[in-house]
Amino acid sequence: MADISTTKVSGSNRLATGWTRSKSTLQRQGPLIALVILVLFGAFRYDNFFSTYNFLTVVSYNTTFGLIALGMTFVMMTGGIDLSVGSLAALCSVVAALASPFGLLAAIGAAALAGLIVGLFNGWVIAWLRIPPFLATLAMLLAARGMALVLAKDATVSVNATSDWAGLSQGILFGIPLPVFLLLAYAIGSIVLNLTRFGRHVLAIGGNEEAARLMGLPVERIKLAVYAISGVLAGLAGALLAGQTFTGSTNEAVGWELTAIAAVVVGGTLLTGGMGSVWGSLVGVLLLGLVFNILDFENGFGFISLGVSWQSVIRGVFLLIVVLVQSRLTRAKKVRLGQEPSGP
Amino acid sequence: MAKLDPATTTVAHRFVLPERLRNFGQTYGGLTALLLIILYDILFRPHFLQVQSLYNDLQEVAPIAIIATGMTLVIATGGIDLSVGSLMAFAGAMAAVIFLSPALSNIPLLGNMLALIIPLIVTGLLGLFNGFLITRFRIQPIIATLVLFIAGRGMALVLSNDKLQDFNNPGFQFIGQGSVLGVPFQVILMIIIVAVFAVIMRITTFGRYVLATGGNEAAARLAGIPVNRVKLAVYTISALLAALAGFIIIAINSSSDATRVGLNGELDAIAAVAVGGTPLTGGQASVPGTLIGALIVYLIGATLVSQNVSFGVAQIIKAAIILLAVYFQRQRKG
């Protein structure tokens, strides 16, 4: 099968191959190109768009989503899904608020630890009890919010604010802007995925779990690790959430998991696993974030006035366009390689 | 070539239930669990057996059971529908907009007819759109229905102008507050819907097609089963049932709150389906099981809350029971 497809490709003429190549580049870099176009559009159209302030605002606001999407990227590359991250962020925001009397670092550490524990539990249920990720993390979605309510005693927990926390609400942590941390996290994520054995194993499991198992890869442990990573990052996002609102909030972060999944899919990671890009997820997060930012500027012009409700409509339409384009490109590739019949 | 069975090769040390117990769990597990909960309720929950209290419980379950029935069909084809909660809000908001519109508020009968029919048609088309994305563009169901999960609630908010729509419309509210021969209308509706779809799945060609599609799509396609049309149908059915559930909710509340109607409805429905014994992998379905699942999930929550267990703890226990139910169902397949 593989042989046939290779002959087919090499047999086609050079012009076609060139077109194919540019098309596959388009597919891989499509979200980035869209992001650049959106930034250029904003820069030409709005006066204050291309400013450090606006940049920091957009990225700081999206740091929480960015962290969650990074964890989700790893999970989705193994062919799994983690629906618990939104509730988990809420739980960890409560943990951070409860730990805040011991200082900012302790609060962040406690939130990350809580995320790690929940993530490990998710991984254990999925890898050893063999419960499908969708259901295992769906149950955790309910349970984490329940635990948040229990910990917070059904009330809102105020952050015992020190001067450090005040910086966090403006997007600065230990004197360093949040976007720097976000970029660092993605750089580490990218290195782990592309340059370490663990990263290769993650992709191998997502590509073909059975084959990976037969090759002797520790499938269970790798799954445990990706859900633990996702949990820790959700925990950190929870700490940031507590920093933004000065409260441990039990009913915030609802639906974040699906926003994160949308961003990861926009970034080019397949839900079926085995393929994906860490940086793509960051691009996906920024794209979705920038759509809102541009809408805010457009509303500021006064020509149109689109409320919050329109934003989710636009977000949905945007996701639709991206998946449609991706499906066309992916399918064209599959048809060309003879993996899928071109007929109906 | 011998097939290496991962269940036996790598996890032989795993705790496995004796086979007979497993088979029992497979056939009667859900029902047994439900009976145990009911027994507990009879013994420890005051007024549980009183007609009014029973009806209250059933009224609460009805919307979940109705969307879970549609979800059962979708899951039986190997898909999933995340959009149902948002579609509930959308249909509810649209119905309220129609019967509250100045032109129609003077002719309530026509207004109510249109308020039922138009949202049903539009929501049905949205379900068709879900199916279209999945069949024509081969987008995975989770992602395809994620689009309307996000956009659907936004559309509901846009329709209702971000406002809570209060109303007093006895004709329309019959759906959620009326009763026939003393039985609440939505309970009758739920029983009819579950019964009809249980029969459809058991004896009709369409039911067989749904299972074949989920069991082995390629084989079903080769066998000449119109796989694409089957999928279009199940997503449309799921959306139509979501619209009905949306009507019920706004009728009970006497208001349409687009931010809250059907929130997490998709998750409740999936939980009910999973607890009811329909595997997420497709190819099998039990509509009566889903009703049992919906009752279990709801009654656990209600029982715990009536015993003064806090909502948070109740959520944790609910989650644990969903996990356990799915775990025991997996055992029987291995």
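Calculation notes
Residues numbered from 1 in each chain as written. Chains lettered and ligands numbered in written order. Predicted model: local features only at pLDDT ≥ 70, side-chain atom pairs only at ≥ 80, totals over all residues. Helix = DSSP H or I, 4+ residues; strand = E, 2+ residues; numbered from the N terminus. Buried ≥ 20, exposed ≤ 12 C-beta atoms within 10 Å, placed from the backbone. Contact = placed C-beta atoms within 7 Å. Rg over C-alpha atoms; globule rule 2.2 N^0.38 Å. Axes fitted to C-alpha atoms, helices over the stretch in contact; angles between N-to-C directions. Left-handed = near helix turned anticlockwise from the far one by under 90°. pLDDT = per-residue confidence, 0-100.

1. Describing the overall build of chain A
Part 1 of the argument: Broken down by element type, chain A carries 14 helices and four strands.
Part 2 of the argument: Looking at chain A as a whole, 46% of its 344 residues qualify as buried.
Part 3 of the argument: Long-range contacts, defined here as pairs at least 24 residues apart, represent 77% of the contacts in chain A between residues at least 6 apart.

2. So, the overall build of chain B
Part 1 of the argument: Helix and strand content of chain B: 15 helices and four strands.
Part 2 of the argument: The C-alpha atoms of chain B give a radius of gyration of 21 Å, which matches the 20 Å a tight globule of 334 residues would have.
Part 3 of the argument: Projected onto its principal axes, the C-alpha coordinates of chain B cover approximately 70 × 55 × 35 Å.
Part 4 of the argument: Buried positions account for 49% of the 334 residues belonging to chain B.
Part 5 of the argument: Expressed as a percentage of contacts within chain B between residues at least 6 apart in sequence, the contacts between residues at least 24 apart total 77%.

3. Observations regarding the interface of chain A and chain B
Part 1 of the argument: Taken together, the contact pairs 42 residues of chain A with 39 residues of chain B.
Part 2 of the argument: Elements with a contribution of two residues or more to the side of chain A that touches chain B: α6 (133-151), α10 (209-214), α12 (256-266) and α14 (308-336) of chain A.

4. Regarding the packing of helix α4 (residues 85-99) of chain A against helix α5 (residues 104-127) of chain A
Geometrically, a packed helix pair is captured by the angle between its two axes and the distance between the axes.
Residues and elements named next belong to chain A.
Part 1 of the argument: Look at α4 against α5: their axes get within 8 Å of each other, and the N-to-C directions meet at 145 degrees. In the crossing of α4 with α5, the sense of the turn from one axis to the other is right-handed. Where α4 abuts α5, its residues Leu88, Leu91, Cys92, Val95, Ala96 and Ala99 lie against Ala106, Ala107, Ile108, Ala110, Ala111, Ala114, Gly115 and Val118.

5. Structural notes on unusual backbone geometry
Residues and elements named next belong to chain B.
Part 1 of the argument: Positive phi, close to 55 degrees, is recorded for Leu181, a residue that is not glycine.
Part 2 of the argument: Take Leu181: it is sitting in the loop between β2 (179-180) and β3 (183-184).
Part 3 of the argument: Here the phi dihedral of Asn308 falls at roughly 65 degrees; this positive angle occurs in a residue that is not glycine.
Part 4 of the argument: Looking at where Asn308 falls in the secondary structure, it is placed in the loop between α14 (287-306) and α15 (311-333).

6. Considering the environment of A:Thr245
Part 1 of the argument: Structurally, A:Thr245 is set in helix α11 (residues 219-245).
Part 2 of the argument: For the pair A:Thr245 and A:Leu168, spaced 77 residues apart in the sequence, the C-alpha separation amounts to 9.8 Å.

7. Section: the confidence of the model for chain B
All names here are of chain B.
Part 1 of the argument: Model confidence for chain B is summarised by a mean pLDDT of 84, while 90% of its residues fall at 70 or above.
Part 2 of the argument: When mean pLDDT is compared element by element in chain B, helix α12 (residues 227-253) scores highest at 94, while helix α1 (residues 6-9) scores lowest at 44.
Part 3 of the argument: Segment residues 1-13: pLDDT under 50, and six contacts once partners within four positions in sequence are set aside and those in other chains are kept.
Part 4 of the argument: Across the interface, the model reports ipTM at 0.75; the global pTM reads 0.81.

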